[in-house]
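Topology and contacts: notes
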Amino acid sequence: MASRPDEATFLAHVEAGPFENGVDRGRWRLVSINWPHAVLAISAAERADAPFEYAFRFELSNYPAQLPTAQPWDLSTNGPLEFTKWPGGIDRVKYAFNPGFKEGTCLYLPCDRLAIEGHDAWRTQHPEMIWIAASDITLYLRIIYDLLHSKDYKALRGA
Amino acid sequence: MNTNKQENEKGDARELRLFVQGEGLAEIHIAQIDRNATVVELIKAVATKVGGEFAAAEAAGGLVVTFEDEEKEIFQKDTLEKAGIRDRSRVHIHRCRKVKVTVNFNGETAADSFPPSTMVGKVKKWADKKFDIDKIDATEHALQLCGTSTRPDEDTHIGMLTKHPSCSICFDLVPKRRVEGGV
């Protein structure tokens, strides 16, 4: 039982149709919750010497009024994923999974709380990726899933 | 964790969890309903649970139930079990029998009709073929509702995007652009 409204809302969202649909399709899964953090794993397209999924630790304080922020996560160490093991690409993927941005503490995406700071132009350039109060976690998950199944996703960044 | 869900995962529960999409629903709805219920009772249960435009469509009459990506109507007096609806089945409920889809790309337009239970991803593949976009480059384009910035998920049934009696949708096929702007 959640003791905080933000956690209660998150739990309701992961029991709802959009999230469960993604679980049922094998797109993503909830790994753990230790509020205000939740670790979720998202499947990736098959690439040589690359994992079948990547985990991300989300910080979800004041969810969903406040945007989430997420960083690639290593399930084996329960810590940040080594930069060489981040997803790699040459265009969209390289920009989104950029360990050089804010020391690898978030993804370079308009739906990320840390990344959108100072990037107001994204609201008009990428409106489909903008988090609004009515959004749920599947908005962020779908954006990552799309990147990990794109032509641009090659393999590990360090490969 | 939801006990019913755990029981369903073992496959021995009387109650089914169904993924329902349809006319007037804002998102995929999970219906929890006894496997001995009829298809009509499923429709009424969803209407009671979600209300709004779906309930209005139910009250107006003429809703048809189909499986995802299928056109054949499920007989509504049948029980869910007899109709072949199993735990985690995906069904669609709509008054439109067909949805006219128009897709614009690079000044050209393609059009065809699909059952409302058709997934956006399937329409996207049709559009890719119509506009000769190869399989690899296809991942770099998305269907966006005309006049909006909304890009429905590939699992969304096109019936979720239109209502009776319009039964039509317009998409633009747009490139996915990288996010940049100074790091």
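Everything below is about the structure shown above.
This report concerns the structure included in the present document. Every value quoted in this text rests on a predicted model; they were computed, and no experiment measured them. Each chain carries its own residue numbering, running from 1 in the written order of its sequence. Ligands are numbered from 1 and chains lettered from A, in the order in which they are written. Side-chain atom pairs in this predicted model are given and counted only at pLDDT of 80 or more, local residue features only at pLDDT of at least 70, and totals for whole chains, interfaces and linings cover all residues.

As for helix α4 (residues 120-130) of chain B
Since the α-helix turns once every 3.6 residues, residues separated by three or four places project in the same direction. Residues and elements named next belong to chain B. The burial criterion counts other C-beta atoms lying within 10 Å of a residue's C-beta, which is placed from the backbone; the residue is buried at 20 or more, exposed at 12 or fewer, and partly exposed between these limits. Starting at the N terminus, helices and strands are each numbered in turn, a helix being any DSSP run of H or I of at least four residues and a strand any DSSP run of E of at least two. Residues of α4 that are buried include every one of V120, V123, K124, A127 and D128, and no others. All buried residues of α4 lie within an arc of 145° about the axis, which places them on one face of the element. Positive phi appears at D132, one or two residues downstream of α4, with a value of about 60°. Throughout, the arc means that of the directions going from the helix axis to the C-beta atoms.

Concerning the interface of chain B and chain A
Contacts here follow a simple rule: the backbone-placed C-beta atoms of the two residues must lie within 7 Å. Each partner contributes to the interface: chain B provides 21 residues, whereas chain A provides 28 residues. Going through the elements one at a time, β2 (29-34) and α5 (135-138) of chain B are the ones with two or more residues in the side of chain B that touches chain A. Residue type decides the class: Asp, Glu, Lys and Arg count as charged, Ala, Val, Leu, Ile, Met, Phe, Trp, Tyr, Cys and Pro as nonpolar, and the leftover types, Gly among them, as polar. For the side of chain B that touches chain A, the class distribution of residues is six nonpolar, five polar and ten charged.

A closer look at the sheet that holds strand β4 (residues 90-94) of chain B
Strands belonging to one sheet form pairs held by backbone hydrogen bonds; the direction of such a pair is parallel or antiparallel. All names here are of chain B. A strand pair is defined by DSSP finding two or more bridges across the two strands. Here we have four strands laid out as an open sheet, ordered β2-β1-β4-β3, and mixed in their pairing. Each edge of the sheet is formed by a strand with only one pairing partner; in this case those strands are β2 and β3 (64-67). Each neighbouring strand pair of the sheet contributes to a mean axis angle of 35°, computed without reference to strand direction. Packing of helix α2 (residues 39-50) onto the sheet brings it into contact with β1 (15-22), β2, β3 and β4, and relative to β2 it is tilted by some 130°. The angle between two axes is taken between their N-to-C directions and runs from 0 to 180 degrees, where each axis is a line fitted to C-alpha atoms and a helix contributes only its stretch in contact.

What to know about the packing of α2(B) against helix α3 (residues 52-60) of chain B
All names here are of chain B. In the contact formed by α2 and α3, the axes pass within 7 Å of each other and the chain directions differ by 140°. Between α2 and α3, the angle falls in the class oblique. The handedness of the crossing between α2 and α3 comes out as left-handed. Of the residues in α3, those touching α2 at I43, K44, V46, A47 and V50 are G52, F54, A55 and E58. Note on angle classes: values under 35 degrees are labelled roughly parallel, values over 145 roughly antiparallel, values of 65 to 115 roughly perpendicular, and the remainder oblique. Rotating anticlockwise by less than a right angle from the far helix to the near helix defines a left-handed crossing, while the corresponding clockwise rotation defines a right-handed one.

Examining the pairing of β4(B)
All names here are of chain B. Among the five residues that make up β4, five are buried, leaving the element largely enclosed by the rest of the structure. Burial along β4 is two-sided: the residues R90, H92 and H94 and V91 and I93 are all buried. Here β3 runs beside β4; their pairing, made up of four bridges, is antiparallel. Within β4, the position partnered with F67 by the bridge is V91.

Remarks on the environment of A:E53
Residue and element names in this part refer to chain A. Considering the arrangement of structural elements, one finds E53 in strand β3 (residues 53-59). Each C-alpha atom of the pair E53 and A41 lies 6.2 Å from the other, and the pair is twelve residues apart in sequence. Here E53 is in contact with A41, I42, S43 and A44, once residues within four sequence places are set aside.

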